[in-house]
Amino acid sequence: MTVYELQQKILEQKKEKDICILAHSYQAREICEVADFVGDSYALSVKAANVAQKTVIMCGVRFMAETVKVLSPDKRVILANPDAGCPMAEQMDKELISAMREANPDYAVVAYINTTTELKTVCDVCVTSSSAVKIVNAMPEKNIIFIPDINLGTYVSEQCPDKNIKLVHGGCPTHARMTEAHALEAKAAHPDALLLVHPECRDEVVKHADYIGSTSGIMDFAKASDAKEFIIGTENSIVEHLQYDCPDKKFYPLSKDLVCHNMKLGTLPELLLCVNGEFGEEILIDEDTRLKAKSCIDKMIEYGG
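About the criteria used
- Residues numbered from 1 in each chain as written.
- Predicted model: local features only at pLDDT ≥ 70, side-chain atom pairs only at ≥ 80, totals over all residues.
- Heavy atoms only, no water.
- Helix = DSSP H or I, 4+ residues; strand = E, 2+ residues; numbered from the N terminus.
- Rg over C-alpha atoms; globule rule 2.2 N^0.38 Å.
- Buried < 20%, exposed > 50% of the residue type's maximum accessible area, 1.4 Å probe, protein only.
- Contact = heavy atoms within 4.5 Å.
- Phe/Tyr/Trp six-rings, centres within 6.5 Å; stacked < 30°, edge-to-face > 60°.
- Axes fitted to C-alpha atoms, helices over the stretch in contact; angles between N-to-C directions.
- Parallel < 35°, antiparallel > 145°, perpendicular 65-115°, else oblique.
- Left-handed = near helix turned anticlockwise from the far one by under 90°.
- Nonpolar A, V, L, I, M, F, W, Y, C, P; charged D, E, K, R; others polar.
- Core = buried A, V, L, I, M, F, W, Y, C linked by side-chain atoms within 4.5 Å.
- Pairing = 2+ DSSP bridges.

Digging into the overall build of the protein
If you tally the helices and strands in the protein, you get 15 helices and 13 strands. For a compact globule of 305 residues, the expected C-alpha radius of gyration is about 19 Å, and the protein comes in at 19 Å, within 12% of that figure. Dimensions of the protein, computed from C-alpha atoms along their principal axes, come out at roughly 55 × 55 × 30 Å. Residue burial in the protein is summarised as follows: out of 305 residues, 54% are buried. In the protein, once contacts between residues fewer than 6 apart in sequence are set aside, the share between residues at least 24 apart is 60%.

What follows is the structure, given as structure tokens:
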């Protein structure tokens, strides 16, 4: 089958079976084109909670599908590729953070959305890359343990000087591979381009950026900007999406190595199998765990996330 034929089959089947397809922005273009919603992980979870369909397929990684289930317990949530995990989300476990809480009783624990559901159960507040600074500033606690991304945590710490933020070494291996040398080399190769980076990048990269923000923030900035050339400092699929969305502008990757291999696991043929019930994994979370994890997300909303 051709890409077009596969896409048409998926569109037909998802309508017939009353399925909602979510695709994270890091997914391939051909998958995004058949999705009902495309975006960042938390935004997709909120969208899923408000759709009429009772079955939701997440084209992304495991923690994203788990977040959908936490917010939509009445829906059947399927992770399109069961092997698609997130190394950052898996770096820390409940036991480690529970021990840190005991050792630092006067600290509140802030968890990046890129964490497992189990880990969220022992955290106080959840944040996204776009809301982290706002949420941390709004928290009444001065002492904060920020997990798991040390680079996002460093950025938040710099933006929230009134807070005493303790960082734990961890983060996104894809973004962390980027160095100052990558930034300087890209800027030298494209001197007229603006550098747009994700705060999961190292501070040595972030300091050279013309814009720092979430994946959606980067895309929105590039689309709205009067500039015509951009270096994209996040997963390279965003370069491709922006090339499609803004054919009158030029987009360059910060590095050819800025690739999330877990996000690249999903394929269009697999998605068709998933829609037909022949592939994927249903996400199941016990109610006690779900409610404890949801409390962490509810606090984020309370503080304006």
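A word on the packing of aromatic side chains
Geometry of an aromatic ring pair is reported as the spacing of the ring centres plus the angle between the planes. If you walk through the whole model with that rule in mind, you get 2 aromatic pairs. Between Tyr-211 and Phe-221, the aromatic rings sit 4.6 Å apart at their centres with planes inclined by 20°, giving stacked as the arrangement. Of this pair, Tyr-211 sits in strand E10 (residues 211–212) while Phe-221 sits in helix H12 (residues 215–224), placing them 10 residues apart in sequence. For Tyr-211, a relative accessible area of 22% translates into the label partly exposed. A centroid spacing of 5.3 Å and a plane angle of 15° characterise the contact between Phe-230 and Phe-251, whose relative ring orientation is stacked. Here the residue Phe-230 occupies a position in strand E11 (residues 229–233), and Phe-251 occupies one in strand E12 (residues 250–253), the gap between them amounting to 21 residues. Of the two residues, Phe-230 and Phe-251, both sit in the buried class.

A short note on the packing of helix H1 (residues 3–16) against helix H14 (residues 268–275)
Interaxial distance between H1 and H14 falls to 10 Å at its minimum, and their mutual angle equals 20°. The angle between the axes of H1 and H14 places the two elements in the roughly parallel class. The chirality of how H1 crosses H14 is left-handed. Across the interface between the two elements, Val-3, Leu-6, Gln-7, Lys-9, Ile-10, Gln-13 and Lys-14 from H1 touch Leu-268, Pro-269, Leu-271, Leu-272 and Val-275 from H14. Of the residues that constitute the contact of H1 with H14, the class distribution is 8 nonpolar, 2 polar and 2 charged.

Here we look at the nonpolar core
The biggest cluster of nonpolar side chains holds 87 residues, and the ones touching the most others in it are Ile-147, Ile-232 and Leu-254. Non-local contacts of Leu-254, meaning those with residues more than four positions away in its chain, are made with Met-178, His-182, Ala-183, Ala-186, Leu-195, Val-205, Ile-231, Ile-232 and Gly-233. Counting residues in hydrophobic clusters, the runner-up holds 18 residues, among them Ile-19, Ala-35, Leu-271 and Leu-272.

Brief notes about the sheet that holds E11
Sheet architecture is open: 4 strands sit in the order E10-E9-E11-E12, paired in parallel fashion. Edge positions in the sheet fall to E10 and E12, since each has one partner strand and no second. As paired elements, E11 and E12 share 4 bridges and run parallel to each other. In the strand pairing of E12, Phe-230 is matched with Phe-251. Most of the contacts of H12 go to strand E9 (residues 194–197), to which it runs at about 155°, and overall it touches E9, E10, E11 and E12.

So, the sheet that holds strand E7 (residues 143–147)
Overall, parallel pairing links the 4 strands, which are arranged E6-E5-E7-E8 in an open sheet. Of all strands in the sheet, those bounded by a partner on one side alone are strand E6 (125–127) and strand E8 (164–167). Strand-to-strand twist in this sheet, taken as the mean axis angle between neighbours without regard to direction, amounts to 30°. In this structure, strand E5 (residues 108–112) lies alongside E7, joined through 4 bridges in parallel fashion. Residue pairing for E7: Ala-111 is matched across the bridge by Ile-147.

Observations concerning unusual backbone geometry
For the bond from Ile-147 to Pro-148, the omega torsion is -10°, close enough to zero to count as cis. Relative to the helices and strands, Pro-148 is located in the loop between E7 and helix H8 (150–159). Here the phi dihedral of Asp-18 falls at roughly 55°; this positive angle occurs in a residue that is not glycine. For Asp-18, the position within the fold is in the loop between H1 and strand E1 (19–24).

Here we look at the side chain of Ser-45
Within the fold, Ser-45 resides in helix H3 (residues 41–49). Once residues lying within four places of it in the same chain are set aside, the contact partners of Ser-45 are Met-64, Thr-67, Val-68 and Leu-71.

Focus: the environment of Glu-66
Locating Glu-66 in the fold gives a position in helix H4 (residues 62–71). Those residues in contact with Glu-66, other than ones at most four positions away along the chain, are Thr-116, Thr-117, Ile-283 and Ile-285.

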